[in-house]
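A structural walkthrough
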Amino acid sequence: MLHEAFAEISRTADVLLLCGDLTDYGLPEEAEELVADIRATVRIPMLAVLGNHDFESGHEELVSKVLDDAGVNVLNGEAIEIAGVGFAGIAGFGGGFGRRMLNAWGETLIKQFVQESISHAVRLEQALAKLQTERRIAVLHYSPIRATLEGEDPEIFAFLGSSRLEEPINRFRVSAVFHGHAHNGILDGKTSTGIPVYNVSAPALRKSGKPYRIVEL
């Protein structure tokens, strides 16, 4: 199925974005299975961020290397320009949204969780700041807004994204945002300043047909 999907994407799109969960358990051999289809079919530039599944076994560096060796640029706080369009990517992290966003107060583990969320937002901001292009795209795994999570259980919203990611997206007037992770979420949302946010989680996309989406910017 992925072989056919990648072939069609390669024929119709200019860039392929992979928004995390590229493996089930974060194993390099799982990444090898993915890149076998990629090598056989994809002929366009490819960008990716890792998802929480890709960190599961502690081999995220090896997973990234497998992807890099296949021509997939894995972004982890980096920026890249392709055909005059700038891309900034990072997995992101949880933490919640708006007034209900978790703050660094109390137990050390809570503070560490919040610090990780802040770190990802800062690194996204730094990546966006490097881009001099008119159009900027943010590539994430975790959502920067609550809207695309509708359909998920509210109890887990805080583990699906964070408003901290939205702040640099709005500040740098990003053209569009793509994220995964929200398997039961909806496909479209907007930041508080009207920037379009696309949930491209494969399980969510499959409900409307194909496990991928072509977006024209």
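Use the structure listed above.
The following paragraphs examine the structure supplied in this document. Since the structure is predicted, the reported quantities are computational estimates derived from the model, not experimental observations. In this numbering scheme, every chain counts its residues from 1 along its sequence in written order. With pLDDT at 70 or above as the cut-off, local features in this predicted model cover only qualifying residues; side-chain atom pairs require 80 or more to be listed or tallied, and sums for whole chains, interfaces and linings still use all residues. In computing side-chain properties, one takes all heavy atoms of the structure into account and sets aside hydrogens as well as water.

Things to note about the overall build of the chain
Here is the rule we go by: Only DSSP runs of H or I covering at least 4 residues are called helices, and only runs of E covering at least 2 are called strands; the numbering of each starts at the N terminus. As defined in this context, the radius of gyration uses C-alpha atoms, and a globule is described by 2.2 Å times the residue total to the power 0.38. Between two residues, a contact is recorded if the distance between any of their heavy atoms is within 4.5 Å. Where accessible areas are quoted, they stem from the Shrake-Rupley method and a 1.4 Å probe; at the residue level, only the protein chains shown are allowed to cover. Counted as positive: Lys and Arg. Counted as negative: Asp and Glu. His and the chain ends are not counted at all. To locate a charge, take NZ of a lysine, CZ of an arginine, CG of an aspartate or CD of a glutamate.
Looking only at helices and strands, the chain features six helices and nine strands. Its C-alpha atoms give the chain a radius of gyration of 16 Å, within 12% of the compact-globule value 17 Å for 217 residues. A principal-axis box enclosing the C-alpha atoms of the chain has dimensions of 50 × 40 × 35 Å. Here the contacts in the chain between residues at least 6 apart in sequence split such that 69% fall between residues at least 24 apart. For the chain, the accessible surface area stands at approximately 11000 Å², while carbon and sulfur atoms represent 50% of it. A gap of 8 Å separates the mean positions of the 20 positive and 30 negative side-chain charges of the chain.

Examining the pairing of strand 1 (residues 16-19)
Under the convention used in this document: Only when DSSP finds a minimum of two bridges between them are two strands counted as paired. Whether a crossover is right-handed comes down to one check: with the strands pointing away from the viewer, does the path from the first strand over the helix to the second run clockwise; if it does, it is right-handed.
Examined bridge by bridge, strand 1 and strand 2 (residues 46-49) share four bridges and lie parallel to one another. Following the sheet pairing, Leu18 is matched in strand 2 by Ala48. Regarding topology, helix 2 (residues 28-41) serves as the crossover connection from strand 1 to the parallel strand 2, and that connection is right-handed.

Some remarks on the packing of aromatic side chains
Condition: Only centres within 6.5 Å qualify two rings of Phe, Tyr or Trp (six-membered ring in Trp) as a pair; their planes then separate them into stacked at under 30 degrees, edge-to-face at over 60, and tilted for everything else.
In this structure the tally under the stated criterion is four aromatic pairs. Seen from their ring centres, Phe113 and Phe159 are 6.3 Å apart, and the 85° between their planes marks the pair as edge-to-face. With Phe113 in helix 4 (residues 108-130) and Phe159 in the loop between strand 6 (135-139) and helix 5 (166-171), this pair connects stretches of sequence that are 46 residues apart. Ring-pair connections join several aromatic residues into one group, and the members of that group are Phe93, Phe113, Tyr142 and Phe159.

So, unusual backbone geometry
Heads up, the rule is: The buried label goes to any residue with under 20% of its type's maximum accessible area, the exposed label to any with over 50%, and the partly exposed label to all in between, with areas taken from a 1.4 Å probe on protein chains only.
For Ala83, which is not glycine, the phi torsion reads 50° and is therefore positive. Mapped onto the elements, Ala83 comes out in the loop between strand 4 (78-82) and strand 5 (85-89). The class for Ala83 is exposed, based on a relative accessible area of 75%. Unlike most non-glycine residues, His181 shows phi in positive territory, near 75°. If you trace the backbone, His181 turns up in the loop between strand 7 (176-179) and strand 8 (188-190).

Thoughts on the pattern of salt bridges
A side chain of one charge can pair with a side chain of the opposite charge if their charged atoms are brought near each other. Convention followed: Take a side-chain nitrogen of Lys or Arg and a carboxyl oxygen of Asp or Glu: if they are within 4 Å of each other, that pair is a salt bridge.
All told, the structure shown has five salt bridges when counted by the stated rule. Between Glu8 and Lys210 there is a salt bridge, with its nearest N and O atoms 2.9 Å apart. Pair noted here: Glu8 is in helix 1 (residues 2-12) and Lys210 is in the segment after helix 6 (202-206), with a separation of 202 residues, a long-range link. Among the residues examined, Lys210 registers a relative accessible area of 44% and is labelled partly exposed.

Digging into the sheet that holds strand 1
The criterion, for reference: For helices, the fitted line uses only the C-alpha atoms of the stretch in contact; every axis is such a line through C-alpha atoms, and the angle between N-to-C directions lies from 0 to 180 degrees.
Across the sheet, three strands lie side by side as 1-2-3; this open sheet has parallel pairing. With one partner strand each, in any of the chains shown, strand 1 and strand 3 (72-74) form the two edges of the open sheet. Across the sheet, the axes of successive neighbouring strands diverge by a mean angle of 20°, strand direction being ignored.

Considering the packing of helix 1 against helix 2
Going by this rule: In these notes the angle categories are as follows: under 35 degrees is roughly parallel, over 145 is roughly antiparallel, 65 to 115 is roughly perpendicular, and the rest is oblique. Left-handed describes a crossing whose near helix is turned anticlockwise from the far helix through less than a right angle; right-handed describes the clockwise counterpart.
In contact at an axis separation of 9 Å, helix 1 and helix 2 are set at 40° when each is read in the N-to-C sense. It follows that helix 1 is oblique to helix 2 by the angle criterion. Judged by the twist between their axes, the crossing of helix 1 over helix 2 is right-handed. Of helix 2, the residues touching helix 1 (which contributes Leu2, His3, Phe6, Ala7 and Ser10) are Leu34, Asp37, Ile38, Ala40 and Thr41.

Examining helix 3 (residues 60-69)
We count it as follows: What the arc measures is the spread of directions leading from the helix axis to the C-beta atoms.
Listed as buried for helix 3 are Val63, Ser64, Val66 and Leu67. What you see down the axis of helix 3 is that its buried residues fit within an arc of 160°, all on one side. Structural note: helix 3 exposes Glu61 and Asp69 on the side pointing more than 90 degrees away from its buried face. One or two residues past the end of helix 3 sits Gly71, with phi positive at roughly 95°.

Function-wise, these values are silent; they only describe arrangement.
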